[in-house]
Amino acid sequence: MTGPAVLLETVDLGMRFGGVEAVSDVNFRLTEGELRCLIGPNGAGKSTFFKLLTGQLLPTRGKVLYRGRDISGIETHEVARLGIGIKTQVPSVFDGLSVRENLWIAASRGRPTRRANEMVDEILSRIALAGSAQRTVGQLAHGQRQWLELGIVLAGEPELILLDEPAAGMTHEEVVRTAELIREINRTRSLIVVEHDMQFIRMIASKVTVLDRGRVLVEDSMENILRHPTVRDVYLGKRVAA
Amino acid sequence: MNARSRNGALNGGALNGGTWNGRAWNIAGLVTVGVVGLAAMIGLPLVLELSSLLDVTVYLILAILALSLALVWGYGGTLCFGQSAFFGLGAYAYAIAMFNIGESTIPFLLAIVLPAAFAALLGYFMFYGRISDVYLGVITLTVTLILFNAVNSTAGPEYQIGEARLGGFNGIPSIPPLNWPGMPDSALDLNDLFYVSIVLLMAVYFGLRWLLVSRFGRVIVAIRENEQRAGFLGYDARLYKLATFTLGGALAGLAGCLFANWGAFVSPTIFGLGQSAQIIIWVIVGGRGTLIGPVVGCIAIQWLTAFLGSAQLTKASLAQVVGPTVADALSSVMGFADLSNTSLILGAVLLAFVLLVPRGVMPSLLDLARFLVRRRPADALADKAERAT
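The structure presented is a predicted model; accordingly, all values stated were derived computationally and were not measured.

A. Structural view of the overall build of chain A. Helices and strands together make up the secondary structure of chain A, namely nine helices and ten strands. Counting all 242 residues of chain A, 54% fall into the buried class. By sequence separation, contacts in chain A at least 24 residues apart represent 66% of the contacts at least 6 residues apart. Only carbon and sulfur atoms are counted for the fraction: they give 48% of the accessible area of chain A, which is about 10300 Å².

In C-alpha cells, the structure reads:
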C-alpha cells in the first residue's frame, strides 16, 4: 500500500432502527495523522455513525476496522484501551469532582501516580484551566467544560480522537481558541470532528465528509465542498423543499 | 445544583487533597476519629457497667454494617437494598460452621468469605447484565426477602447442616463464641468482644479511608459521577462496581459474624425488611459520601431506638429531655399512647432528615465547620486571593 496507513475504516457499515435506515453502506477511511470533519444536516446519521465508531451501538450491517481489527460493538472501555479518545456532544465529565480530579482520573489509567500528576499539570495549562484546578466541574461555564472534556480526552493520550460538536455553545473567542487547540492536537494525533458550525470547520480547514440520509454524499476539501451544488442544496441553507 | 453533586464536591475536595486546606481538613478528621476511637476503647470499659458496655458493643458491630453500605452506596453509587442479606449470611455462616468445627478461626473467615462470594455472584449477574439502578435495588431487596423466607421455613429437624440445626423462625440459639485464633479453649468474653468490635470498626474505617484515597477509590467515585465517561477513559465500570459490591458483602459478613457472637443467637429476622431498611436509614441520616456519617447515624439511631424502647416514655420523662413545653405539645398532637411507639418516632426522624437535612448530618456539620473557620479574617483574605487566581 502506498501513502500513510489506514487508521480507521468502515466497510459497508449499516444501522437500522426498526424501519429506519439511519446509516447505510458507509465506506469511510481515515489515514494516520488525518484531521477529518464530518458534516451533514439534522438526521443525516452523524450521531449514529459516531456511536457506531465508538462501540456504543452494534451495527446491523458491515464492520468498523481500527488498524485492520474489527471493533464493531466492542465494550466502551476496550475502545478506549485501543487508543481511541471520545468527546461527546453534551460534555461528559465528572460533575461532582474538581477539575484536577477529573484530569487525574483520565491521566492515571496505566500510569504511575507521579507521572499522572505531571500530565495533569501540563494539560491544565494547555486548556487554560490552571487557575480553576480546584473548582468543582459543575460550577464551570459551558465553554470551560468543553475544554475540560478535551483535556480529559488528551490525558488518555489516544492515537485517534473523536470529537462530537466540540465548539457547540461556545462564544466566538472560545471557538477560535478551540480551533487552534484542535490544529495543535492534530500535529501528533488523528482526529474526526463531527460539527454543525461551518465557520468552525473553515477554521480547522481539512478534508470533509458530508453525510446525508445515512449515506456519504461527498468527500472533499472544504473549498470544494462549499462549491458542490448538492451539498449547497441539502446542507447550506438552500434546501429544496421536498 | 443538586445534593449529589454538592456532596461530590465535598469528596472531590477532600479526596484529591490538592489544596493545603483540603489536606488539613482530612488530617484533622482522621486524627479526631482516631482520638475519639482510642478514648472510647480505653475509657468506656472503665466508666460503663458490663450491660451498658454490651449495648455499646452492638452499636459498634452495626456501625461496621453501616460502613459496608457507606462504601457500596455512598461512594460506589450502587443502592443496595439488601445489604442485610450479606449480614445475615455472615451470621448464619459463622453459627453453622461453629457448631461443626468448634474452633472459630475458620468459621470467622467463612463468615467473611461466603457473603463476599455470594455478593460477587449476585453482582456479576447484575452489573454484567447491565441491570439499571432501580432494578438493582429491587433485586437486592428481593434476594434478602427470599433468604428470609427460605431460612424461616427450615424449622423441621430435617434441616440440619452437620451438627447445626437451622431452626427456622426460631433461629439458632447458643452459638459458641469466638476464641483467639488457634486456641479453642480461650473463648472471648463480653469484655473481649467489645475490644474486638471497636478495633475492627476502626480498622474497617481507616482501611476504607485508605482505599478511598487510592486509585481504586478515586475511580469508583468517578464511576458514580459518570459511568459513561469512565468507560471512555478505559475503566471497566462493571469490574469496579463488582469489586466494590463484593467488598461491601465481605464487610457486612464480618459484622454478621460479630453480631452472632454478641447475642449468641441468630434468627431469620436478620434478613428481614426492617433490618434492610435500617441500614439505609443510618446512611441517609449520617450522610452519603462520608464514612463517619453512617457510623454516627447508626450509633445515634440505635441508641435512640434503645432509649425509646426501654424508657417507659411518660410525659414527665419526655419533659426532662425536650423540655416541658415541647412535651406538652407533642403529647397533645400525637396522643399519649403514641409517644412510646418507637417505629413512629423513628419514622418521624427519618422524614425530618430527608426533608430538612437531605445530605445527612455529617456533610452539613462539616460544611458548617468549614464556614465558621473560613470566617476568620485571615482565611477570608486567603479565600479571596484564591478566588482571584
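The discussion continues.
B. Up close: unusual backbone geometry. For Arg67 of chain A, which is not glycine, the phi dihedral falls at a positive 50 degrees. Tracing the backbone shows Arg67 of chain A in the loop between β4 (61–66) and β5 (69–70). For Arg67 of chain A, a relative accessible area of 40% translates into the label partly exposed. The phi torsion at Ser174 of chain B lies on the positive side, around 50 degrees, for a residue other than glycine. Along the polypeptide, Ser174 of chain B turns up in the loop between β2 (164–165) and α7 (190–213).

C. Summary view of the packing of helix α4 (residues 113–126) of chain A against helix α5 (residues 142–155) of chain A. All names here are of chain A. Across the interface, α4 lies against α5 with an axial gap of 10 Å and an inter-helix angle of 145 degrees. For the crossing formed where α4 meets α5, the hand is right-handed. Of α5, the residues touching α4 (which contributes Met119, Ile123 and Arg126) are Gly151, Leu154 and Ala155.

D. Quick look at the packing of aromatic side chains. Residue and element names in this part refer to chain B. In this structure the tally under the stated criterion is 14 aromatic pairs over all chains. Plain terms: the ring middles of Tyr124 and Tyr128 are 4.9 Å apart, the flat faces sit at 25 degrees to each other, and that makes the pair stacked. One end of the pair, Tyr124, and the other, Tyr128, are both in helix α5 (residues 105–128), four residues apart, so they sit about a helical turn from each other. Classification of Tyr128 by relative accessible area gives partly exposed; the value is 25%. Ring plane angle 70 degrees and centroid distance 5.4 Å describe the contact between Phe194 and Tyr195, whose orientation is recorded as edge-to-face. On the basis of relative accessible area, Phe194 is assigned to the buried category, the value being 0%. Relative accessible area serves as the criterion here: at 34%, Tyr195 is assigned to the partly exposed category. In textbook terms, an aromatic cluster arises when at least three aromatic residues are bridged by ring pairs, as seen for Phe86, Phe118, Phe127 and Phe245. Above the plane of the ring of Trp25 lies Arg370, whose end atom (NZ or CZ) is 5.1 Å from the centre.

E. Focus on the layout of surface pockets. Residues and elements named next belong to chain B. Taken as a whole, the second largest pocket encloses approximately 1000 Å³ of empty space. Forming the walls of the second largest pocket are 40 residues, and the residues nearest its centre are Gly29, Val33, Tyr205, Arg209 and Ile292. Listing elements by their share of the lining of the second largest pocket, those giving two or more residues are α1 (3–16), α2 (20–47), α3 (50–75), α7, α12 (292–310) and α16 (361–374). Looking at the lining of the second largest pocket residue by residue, the classes come out as 30 nonpolar, eight polar and two charged. Viewed by domain, the lining of the second largest pocket spans two of them, domain 1 (28–310) and domain 3 (359–389), each represented by three or more residues.

F. Main features of α4 of chain A. All names here are of chain A. Under the 1.5 Å per step criterion, the end-to-end length of α4 is 20 Å for 14 residues, consistent within 8% with the ideal 20 Å. Residues of α4 that are buried: Ala116, Met119, Val120, Ile123 and Leu124. Taken end-on, α4 shows its buried residues confined to a sector of 135 degrees, consistent with a single buried face. Opposite the buried face of α4, at more than 90 degrees from it, the exposed residues are Arg114 and Ser125. On its buried face, α4 sits against α3 (99–108) and α5. Taken from the residues just after α4, Ala128 is the one with a positive phi, measuring 55 degrees.

G. Layout of the interface of chain A and chain B. Counting from both sides, the interface comprises 30 residues of chain A and, opposite them, 27 residues of chain B. Where chain A abuts chain B, roughly 2500 Å² becomes buried across the two surfaces, and 57% of that area is made up of carbon and sulfur atoms. The largest per-residue losses of area from chain A upon contact with chain B belong to His77, Phe94 and Glu101 of chain A, which jointly make up 20% of the total buried on that side. Summed over the shared surface of chain A and chain B, the result is four salt bridges. A salt bridge links Arg130 of chain B to Glu75 of chain A; the nearest nitrogen and oxygen atoms lie 2.6 Å apart. Applying the counting criterion to the chain A and chain B interface returns 17 residue pairs in polar contact (both at pLDDT 80 or more). Mapped by element, the contributors of at least two residues to the side of chain A that touches chain B are α2 (76–81), β6 (84–87), α3 and α5 of chain A. By residue number, the principal contributor to the side of chain A that touches chain B is α3 of chain A, which donates five residues. Residue composition of the side of chain A that touches chain B, by class: ten nonpolar, 13 polar and seven charged.

H. Broad picture of the environment of Leu30 of chain A. Residues and elements named next belong to chain A. Mapped onto the elements of the fold, Leu30 is located in strand β2 (residues 20–31). The class for Leu30 is buried, based on a relative accessible area of 0%. C-alpha separation for the pair Leu30 and Val6, spaced 24 residues apart in sequence, amounts to 5.9 Å. What Leu30 contacts, discounting residues up to four positions off in sequence, is Ala5, Val6, Leu7, Leu8, Arg36, Leu160, Ser190, Leu191 and Ile192.

Each value, and the rule that gives it
- Residues numbered from 1 in each chain as written.
- Chains lettered and ligands numbered in written order.
- Predicted model: local features only at pLDDT ≥ 70, side-chain atom pairs only at ≥ 80, totals over all residues.
- Heavy atoms only, no water.
- Helix = DSSP H or I, 4+ residues; strand = E, 2+ residues; numbered from the N terminus.
- Buried < 20%, exposed > 50% of the residue type's maximum accessible area, 1.4 Å probe, protein only.
- Contact = heavy atoms within 4.5 Å.
- Areas by Shrake-Rupley, 256 points an atom, 1.4 Å probe, with all protein chains shown as cover.
- Axes fitted to C-alpha atoms, helices over the stretch in contact; angles between N-to-C directions.
- Left-handed = near helix turned anticlockwise from the far one by under 90°.
- Phe/Tyr/Trp six-rings, centres within 6.5 Å; stacked < 30°, edge-to-face > 60°.
- Lys NZ or Arg CZ within 6 Å of the ring centre and 35° of its normal.
- 1 Å grid on protein atoms, 1.4 Å probe; cavity = no way out; pocket = protein on both sides within 12 Å on 5 of 7 lines; lining within 4 Å.
- Points joined across faces, edges and corners; volume = space filled by probe spheres on them.
- Nonpolar A, V, L, I, M, F, W, Y, C, P; charged D, E, K, R; others polar.
- Domains from an automatic or database assignment.
- Expected span 1.5 Å × (residues − 1).
- Arc of directions from axis to C-beta.
- Buried area = accessible area lost by both parts, 1.4 Å probe.
- Salt bridge = Lys/Arg side-chain N within 4 Å of Asp/Glu carboxyl O.
- Polar contact = N/O pair within 3.5 Å; in protein donor to acceptor, adjacent residues only side chain to side chain.

Function cannot be inferred from these measures alone, as they are strictly geometric.
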